[in-house]
Amino acid sequence: QVQLVESGGGLVQAGGSLRLSCAASGRTFSNYGMGWFRQAPGKEREFVAAITGNGGSVYYADAVQGRFLISRDNAKNALYLQMNSLKPEDQAVYYCASARNRFASTIYSGYEYWGQGTQVTVSS
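Residues numbered from 1 in each chain as written. Predicted model: local features only at pLDDT ≥ 70, side-chain atom pairs only at ≥ 80, totals over all residues. Heavy atoms only, no water.

Caption draft 1: Summary view of the state of the cysteines. Counted by the stated rule, this structure contains 1 disulfide. What pairs with Cys 22 in a disulfide is Cys 96, and their sulfur atoms sit 2.0 Å apart. In this pair, Cys 22 sits in strand β3 (residues 18-25) while Cys 96 sits in strand β9 (residues 92-99), placing the two residues 74 residues apart along the sequence. (Disulfide = S-S within 2.5 Å. Helix = DSSP H or I, 4+ residues; strand = E, 2+ residues; numbered from the N terminus.)

What follows is the structure, encoded as structure tokens:
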């Protein structure tokens with residue numbers, strides 16, 4: 001059974017930084033692309049960043065390009081999201097997700113397993 005557990009969320013002032021982590025178990029981590037999505041109250045879940053199984057390619061939403069960095073450590077079965085220069089509009093629940101194959105997807109349907117989410121709150 002695949003399990004994804006996010007951590008690292010919290011309260012931060014605008015302009016600050018946070019690093020989210022996602023611990024994965026249940027299948028060979030390096031065989032699957034991974035992604036981060038977020039969902040703010042009253043809004044649909046949206047793509048944030050994605051990375052291929054071998055970490056060779058990464059993709060970002062325009063809203064976070066240049067501020068967020070996705071990475072993975074396949075030896076530790078771990079996914080990360082370094083978030084810098086946070087803005088109030090980045091406030092949301094952040095979810096990590098495991099793709100259906102080794103490629104990175106920017107769409108919701110490209111993922112088959114999801115974590116429970118971690119809250120990121122950005123104060124202005």
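Caption draft 2: View of unusual backbone geometry. Even without being a glycine, Asn 77 presents a positive backbone phi close to 55°. Relative to the elements of secondary structure, Asn 77 occurs in the loop between β7 (68-73) and β8 (78-83). Despite not being glycine, Ser 85 shows a phi value in the positive range, around 50°. Summarising the element assignment, Ser 85 is placed in the loop between β8 and β9.

Caption draft 3: Region of the structure containing the environment of Thr 52. Tracing the sequence through the fold places Thr 52 in the loop between β5 (46-51) and β6 (58-60). On a C-alpha basis, the gap between Thr 52 and Met 34 in space is 6.5 Å, while along the polypeptide they are 18 residues apart. Not counting the four nearest positions on each side in its chain, Thr 52 is found in contact with Gly 33, Ser 57, Arg 72, Arg 102, Phe 103 and Ala 104. Among the polar contacts listed, one links the side chain of Thr 52 to the side chain of Asn 54, at a separation of 3.0 Å. (Contact = heavy atoms within 4.5 Å. Polar contact = N/O pair within 3.5 Å; in protein donor to acceptor, adjacent residues only side chain to side chain.)

Caption draft 4: Focus on the sheet that holds β3. Across the sheet, 4 strands lie side by side as β1-β3-β8-β7; this open sheet has antiparallel pairing. Only two strands of the sheet have a single neighbouring strand rather than two, namely β1 (3-7) and β7. Going from strand to strand, the sheet's axes swing by 15° on average, the running direction of each strand aside. Across 6 bridges, the pairing between β7 and β8 is antiparallel. By the bridge assignment for β8, Phe 68 is matched with Met 83. (Pairing = 2+ DSSP bridges. Axes fitted to C-alpha atoms, helices over the stretch in contact; angles between N-to-C directions.)

Caption draft 5: The pattern of salt bridges, seen in detail. Summed over the entire model, instances satisfying the criterion amount to 4 salt bridges. Put simply, Arg 38 and Asp 90 hold a salt bridge, and the shortest N to O gap is 2.9 Å. You can see Arg 38 sitting in strand β4 (residues 34-39) and its partner Asp 90 sitting in the loop between β8 and β9, a full 52 residues away along the chain. Look at Arg 38 and you get buried, because its relative accessible area is 6%. (Salt bridge = Lys/Arg side-chain N within 4 Å of Asp/Glu carboxyl O. Buried < 20%, exposed > 50% of the residue type's maximum accessible area, 1.4 Å probe, protein only.)

Caption draft 6: Region of interest: the pairing of β1. On β1, burial follows the alternation: Leu 4 and Glu 6 on one face are buried, whereas Gln 3, Val 5 and Ser 7 on the facing-out side are not. Relative to β3, β1 is paired through 5 bridges, and the arrangement is antiparallel. Bridging from a neighbouring strand, Leu 4 pairs with Ala 24 of β3.

Fair warning: the whole summary comes from geometry, so function is off the table for now.
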